[in-house]
Each structure stands twice: as structure tokens, then as C-alpha cells.
Amino acid sequence: MKKLTILFFLFYGSFAFGQETYENKKLALINDVFYKSTRQNINSFMKDKGFEKGDVEEGEGDVKEILAFDSKFDMMEVSYAKNGKISTIVCIFSGAINVAFIDMELKNKGYTAKVVKQSIDGQPVNKNIWGKSGTKYNFVTYADEKEKIGVLGYGVY
């Protein structure tokens with residue numbers, strides 16, 4: 001009986017503290033890369049997801065290196081901290097309109113947005129930083145209507 005009780009608590013803990021699931025393919029991809037890949041398997045993991053390996057850049061500050069990946073419609077950068085763990089992921093994808101669907105799903109999952117105004121290449125941009133109480137990591141979204149691209153990021157922002 002004691003073993004059964006311990007197994008029940010372990011089973012419950014895996015559901016209570018497991019990663020979230022997402023219906024949007026971009027959110028699901030970011031989530032999978034962040035939680036299911038390692039530095040050792042990232043190249044094969046991304047290949048299985050339809051991406052080709054791109055450049056590897058040396059990072060600055062707390063970032064050790066940045067790996068780039070490309071697919072037919074998406075570009076992704078995965079940044080690794082000096083401890084070997086992923087610190088941030090950024091996905092640039094075609095179709096700025098898709099950001100609205102990502103924002104809607106994040107809102108439905110209980111995330112709240114904080115709008116941050118920035119300038120990128122001299123153009124004003126409104127980024128949404130999505131946070132949830134009790135979580136360490138945030139999502140970042142914004143749409144570039146002029147270039148017709150969307151951006152989704154995940155990590156510490």
C-alpha cells in the first residue's frame with residue numbers, strides 16, 4: 001500500500017508540474033524545443049522537426065552560443081547559457097496575422113500581456129511580453145505587418 005501511495009504521488013506530480021500543451025503549431029514547437037531537446041541532440045531534434053542547421057555564433061554575457069535553424073517558412077535561434085541549458089528561443093515565421101492566434105491562445109492559457117514599445121531598424125514596434133504568475137519564463141510576440149512576418153520568443157525576458 002505504501003508503494004502504491006508513493007507511485008500515485010509521483011504520477012500526480014508529473015501531471016501537476018509537467019509542461020503545458022499548445023494547439024498552435026508555433027507555440028508547440030517552441031515548447032518542445034525548450035523542454036524536450038538538449039544541447040547534445042538539438043541538431044537531430046530540429047532535423048526531425050523539418051529544420052536545417054544554420055550558423056553557430058558565439059554569445060555575449062550570459063549566453064554561451066546561439067544556434068540558427070531554417071525551414072521552408074521559419075527561422076529559429078536557440079540560445080544556450082553558460083550552464084549548457086537553453087536560455088531563449090526566437091522563431092521568425094511568415095504570416096504576421098498568425099501572431100493574433102498565438103496571442104489568443106496565450107490569453108486563454110492564463111497569460112497576461114505587457115506591451116513594450118521598442119524601435120527595430122528605426123521602426124517603432126509594440127512587443128507583447130506574456131507572463132503567468134508562478135512561471136519563470138515568458139513568451140514574447142510581435143507582428144511586422146510591413147515585412148509580413150511574425151516573431152515568437154520564449155525564455156527569460
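Residues numbered from 1 in each chain as written. Predicted model: local features only at pLDDT ≥ 70, side-chain atom pairs only at ≥ 80, totals over all residues. Heavy atoms only, no water.

A few points about a negative patch on the surface
Thought 1: On the surface, a cluster of negative charge is contributed by E52, D55, E57, D70 and E77.
Thought 2: Considering each element in turn, the negative patch owes the most residues, three residues, to strand β1 (residues 52–58).
Thought 3: Mapped onto the secondary structure, E52 falls in strand β1. (Patch = residues over 30% accessible without salt bridge, like charges linked within 9 Å, V, L, I, M, F, W, Y side chains within 5 Å. Areas by Shrake-Rupley, 256 points an atom, 1.4 Å probe, with all protein chains shown as cover. Salt bridge = Lys/Arg side-chain N within 4 Å of Asp/Glu carboxyl O. Lys, Arg positive; Asp, Glu negative; His and termini not counted. Charge placed at Lys NZ, Arg CZ, Asp CG, Glu CD. Helix = DSSP H or I, 4+ residues; strand = E, 2+ residues; numbered from the N terminus.)

A short note on unusual backbone geometry
Thought 1: Positive phi outside glycine occurs at K148, with the angle close to 60°.
Thought 2: Within the secondary structure layout, K148 lies in the loop between β7 (138–144) and β8 (149–155).

As for helix α4 (residues 98–108)
Thought 1: When α4 is considered as a whole, its buried residues turn out to be V99, I102, D103, E105 and L106. Across the axial projection of α4, the buried residues extend over an arc of 165°, all falling on one side. When the buried face of α4 is taken as reference, the exposed residues oriented beyond 90 degrees from it are K107 and N108.
Thought 2: Of the surrounding elements, those touching the buried residues of α4 are α2 (25–36), β4 (86–94), β6 (123–131), β7 and β8. (Buried < 20%, exposed > 50% of the residue type's maximum accessible area, 1.4 Å probe, protein only. Arc of directions from axis to C-beta. Contact = heavy atoms within 4.5 Å.)

A closer look at the sheet that holds strand β2 (residues 63–70)
Thought 1: Taken in spatial order, the eight strands make up an open sheet running β1-β2-β3-β4-β8-β7-β6-β5, and their pairing is antiparallel. Unpaired on one side and paired on the other, β1 and β5 (112–120) mark the two borders of the sheet. Across this sheet, the average inter-strand angle for adjacent strands is 20°, counted without regard to direction.
Thought 2: Sheet analysis places β6 next to β7, joined by three bridges and oriented antiparallel. Looking at the pairing, W130 lines up with F139 of β7.
Thought 3: Contacts from α2 reach β3 (74–81), β4, β7 and β8, with the element oriented near 155° to β4. (Pairing = 2+ DSSP bridges. Axes fitted to C-alpha atoms, helices over the stretch in contact; angles between N-to-C directions.)

Focus on the packing of aromatic side chains
Thought 1: Here the structure, examined in full by the defined rule, presents eight aromatic pairs.
Thought 2: Ring centres of F34 and Y154 lie 4.9 Å apart, and the angle between their planes is 85°; this geometry places the pair in the edge-to-face category. Of this pair, F34 sits in helix α2 while Y154 sits in strand β8, placing them 120 residues apart in sequence. Neither residue differs from the other here; F34 and Y154 are each classed as buried.
Thought 3: Ring centres of Y137 and Y154 lie 5.7 Å apart, and the angle between their planes is 45°; this geometry places the pair in the tilted category. Within this pair, whereas Y137 is found in the loop between β6 and β7, its partner Y154 is found in strand β8, the two being separated by 17 residues in sequence.
Thought 4: Accessibility expressed as a relative area gives 5% for Y154, which makes it buried.
Thought 5: Clustering of aromatic rings is evident, with ring pairs tying together Y22, F34, Y35, Y111, Y137, F139 and Y154.
Thought 6: Taking NZ or CZ as reference, R39 lies 5.6 Å from the ring centre of Y80, over its face.
Thought 7: The aromatic ring of Y22 is capped on one face by K109, whose charged end is 5.4 Å from the ring centroid. (Phe/Tyr/Trp six-rings, centres within 6.5 Å; stacked < 30°, edge-to-face > 60°. Lys NZ or Arg CZ within 6 Å of the ring centre and 35° of its normal.)

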